[in-house]
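Observations on chain architecture
Each chain, letter by letter, is given below.
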Amino acid sequence: MTIRTSMAIGLTVVLMAQNSLARDLKPVWLESDDYAELEVVSARHDHPAQLTAAQIQGLLGRVYKQENGDEPVPYFSDDELRRLPASLATLFAKAKPSDDILFGSSFRQRDMLFASRSLNAGRLFVEEGQLNLIIGTCAEPLDVGYRRFHRHRQLNHGSRIKPVSNLPCELVEMHAATRVDKRPDWISVPLTLGPVRVITNETSVAQPKINKASKAAAPAKAAAQPATVLPPPGASRMAERLQVLKQLHKDGLINDAEYEQKRAAILKDL
């Protein structure tokens, strides 16, 4: 074998290795990589908390964010609200007063099927009848190579001490969600409120992973969570129409007969 042939073979092997490495480092995050786990902190919460998956879904659906002065949009995508609540409900049921519930989740920007996933992460806890959310990661793009080491990349879950610097979004006070200490990364929602977004379970998706140590310690009662029962598609729009109609009648802009006629027409579509 000549020296030139040996060099050609060597170069081919190097190129093949580089291509293989590039494939290994492809920035991919799967729905099954989402996770929820407990973390001991120096605080006292109202835990354990008996919250259903449907209740958590409705409360988190009230959380909106704003980026670069744009119109507020939900912090959690519909897909995240289908995947996360069941695992969160399990952890809330077994959490101790000194535990935060950490989560890491992903979504596709603008719900585009082939778009890379963006990442959210934060911590949840219950205090004085409020569900508290502190975020540390907001629609963050993937970094290359996190899957190479077969573990979750280290997401920032935020902190009570101070907000994360240069967070690309801020949480917005709307739908009865209010900021805590005027912080843009910390918001609370009363537990008594219902959903403002209708999330349908049209597709079967992977459930977030629960920390194995936490899962082993979960009580049997907490493991069986109630099924998520959600309003049918269009129910939210119908409720809005009924609310507007009621206000028009209250303001005297339509009479009793007109009110009853229009109300019957709206309910007919139910």
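Residues numbered from 1 in each chain as written. Predicted model: local features only at pLDDT ≥ 70, side-chain atom pairs only at ≥ 80, totals over all residues. Heavy atoms only, no water.

Re the sheet that holds strand β4 (residues 99-108)
The strand order β8-β9-β6-β5-β4-β1-β10 describes an open sheet built from seven strands, whose pairing is mixed. Bordering the open sheet on either side are β8 (178-179) and β10 (209-210), each of which pairs with just one other strand. Both strand β1 (residues 35-40) and β10 contribute to a ladder of two bridges, which runs parallel. Paired with Tyr35 across the bridge in β10 is Lys209. (Pairing = 2+ DSSP bridges. Helix = DSSP H or I, 4+ residues; strand = E, 2+ residues; numbered from the N terminus.)

Digging into the nonpolar core
In terms of nonpolar packing, the biggest core is built from 32 residues, with Tyr75, Leu88, Phe92, Leu124 and Leu133 touching the most fellow members. At the level of elements, α2 (53-60), α3 (78-94), β4, β5 (117-127), β6 (130-140) and β9 (186-190) are the ones that each hand at least two residues to this core. Top contributing element to this core by residue count: α3, with six residues. Those residues in contact with Leu124 that sit more than four places away from it in its chain are Leu60, Leu88, Phe92, Asp100, Ile101, Phe103, Leu131, Asn132 and Leu133. Formed by six residues, the second largest nonpolar core is a distinct cluster that contains Tyr35, Leu119, Leu142 and Leu155. (Core = buried A, V, L, I, M, F, W, Y, C linked by side-chain atoms within 4.5 Å. Buried < 20%, exposed > 50% of the residue type's maximum accessible area, 1.4 Å probe, protein only. Contact = heavy atoms within 4.5 Å.)

Some points on the state of the cysteines
All told, the structure shown has one disulfide when counted by the stated rule. In this model Cys138 forms its disulfide with Cys169; the gap between the sulfur atoms is 2.1 Å. Because the sign of the S-S torsion sets the handedness, a value of about 120° for the bond joining Cys138 and Cys169 places this disulfide among the right-handed ones. With Cys138 in strand β6 and Cys169 in the loop between β6 and β7 (170-172), this pair connects stretches of sequence that are 31 residues apart. For Cys138, a relative accessible area of 1% corresponds to the buried category. For Cys169, a relative accessible area of 6% gives the class buried. (Disulfide = S-S within 2.5 Å.)

Some remarks on α2
α2 sits mainly inside the fold: six of its eight residues count as buried. Against the buried residues of α2 lie α3, β5, β6 and β9.

Structural notes on the environment of Arg62
Along the chain, the position of Arg62 falls in the loop between α2 and β2 (64-66). When the C-alpha positions of Arg62 and Arg197 are compared, they lie 7.5 Å apart, and in sequence the two are 135 residues distant. Setting aside its immediate chain neighbours within four residues, Arg62 contacts Met174, His175, Ala176, Ala177, Val189, Leu193, Gly194 and Val196. From its side chain, Arg62 meets the backbone oxygen of His175 in a polar contact 2.7 Å long. Separated by 2.7 Å, the side chain of Arg62 and the backbone oxygen of Gly194 make a polar contact. (Polar contact = N/O pair within 3.5 Å; in protein donor to acceptor, adjacent residues only side chain to side chain.)

A few points about the sheet that holds strand β3 (residues 73-74)
The strand order across the open sheet formed by three strands is β3-β2-β7, and the pairing between neighbours is antiparallel. Every interior strand has two partners, whereas the edge strands, β3 and β7, have only one. Judged from the three bridges that link them, β2 and β7 form a sheet pairing that is antiparallel. Each residue of the ladder has a partner; that of Lys65, found in β7, is Leu171.

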